[in-house]
Amino acid sequence: MKRSAQVIGKVQFREGDGPMMVIRPGAVEVEVDRSDVTISWVEGETHGVAAIPLADYKRYVDSGQLVVGDEKAA
């Protein structure tokens, strides 16, 4: 199930073995799975997507850096 959310603080992800990258503040969609969470967003004409571990997602939500809103049908 997809949910809308707002990135309020520093939310990061890693592409492969590369450096940590920051998801810009603003509206995103999150989809929670058993072991990870997919975060997607649109910035101008660019569509971004990142997968983060479930533990990181919970930490971002608990700390208020990621505020999760209503559920959307998948």
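Residues numbered from 1 in each chain as written. Predicted model: local features only at pLDDT ≥ 70, side-chain atom pairs only at ≥ 80, totals over all residues. Heavy atoms only, no water.

A. Geometry of helix 1 (residues 54-62). Turning to helix 1, its buried residues are Leu54, Tyr57 and Tyr60. Looking down the long axis of helix 1, one finds its buried residues gathered within 120° of arc, a one-sided arrangement. In helix 1, the exposed positions angled more than 90 degrees off the buried face are occupied by Ala55 and Asp62. Positioned one or two residues after helix 1, Gly64 has a phi angle of 85°, which is positive. (Buried < 20%, exposed > 50% of the residue type's maximum accessible area, 1.4 Å probe, protein only. Helix = DSSP H or I, 4+ residues; strand = E, 2+ residues; numbered from the N terminus. Arc of directions from axis to C-beta.)

B. The arrangement of the pattern of salt bridges in detail. Tallied over the entire structure, the rule returns 1 salt bridge. Note that Arg59 and Asp56 form a salt bridge whose closest N and O atoms lie 3.4 Å from each other. With a gap of 3 residues between them, Arg59 and Asp56 both fall in helix 1, about one helical turn apart. (Salt bridge = Lys/Arg side-chain N within 4 Å of Asp/Glu carboxyl O.)

C. Here's a closer look at the confidence of the model for the protein. Taken as a whole, the protein shows an average pLDDT of 92; of its residues, 93% reach a score of 70 or greater. At the level of individual helices and strands, the protein shows its lowest average pLDDT in strand 7 (residues 66-72), which scores 78, and its highest in strand 4 (residues 26-32), which scores 97. (pLDDT = per-residue confidence, 0-100.)

D. Spotlight on the pairing of strand 4. By the bridge criterion, 6 bridges tie strand 1 (residues 2-7) to strand 4 in an arrangement that is antiparallel. Its bridge partner lying in strand 4, Ala5 is registered against Val28. By the bridge criterion, 4 bridges tie strand 4 to strand 5 (residues 36-43) in an arrangement that is antiparallel. By the bridge assignment, Val30 is partnered in strand 5 with Ile39. The turn joining strand 4 and strand 5, which pair antiparallel and follow one another in sequence, is formed by 3 residues. (Pairing = 2+ DSSP bridges.)

E. Structural context of the environment of Gly48. Along the chain, the position of Gly48 falls in strand 6 (residues 46-53). Residue class for Gly48 comes out buried when judged on its relative accessible area of 14%. For the pair Gly48 and Ile23, spaced 25 residues apart in sequence, the C-alpha to C-alpha distance is 8.7 Å. Setting aside anything within four residues of it in sequence, one finds Gly48 in contact with Ile39, Ser40 and Trp41. (Contact = heavy atoms within 4.5 Å.)

F. Structural context of the nonpolar core. The biggest cluster of nonpolar side chains holds 16 residues, and the ones touching the most others in it are Ile23, Val28, Val30, Ile39 and Leu66. At the level of elements, strand 1, strand 2 (11-14), strand 4, strand 5, strand 6 and helix 1 are the ones that each hand at least two residues to this core. In this structure, Leu66 is in contact with Ala5, Gln6, Val7, Val11, Val28, Val30, Tyr57, Tyr60 and Val61, ignoring residues within four places of it in sequence. (Core = buried A, V, L, I, M, F, W, Y, C linked by side-chain atoms within 4.5 Å.)

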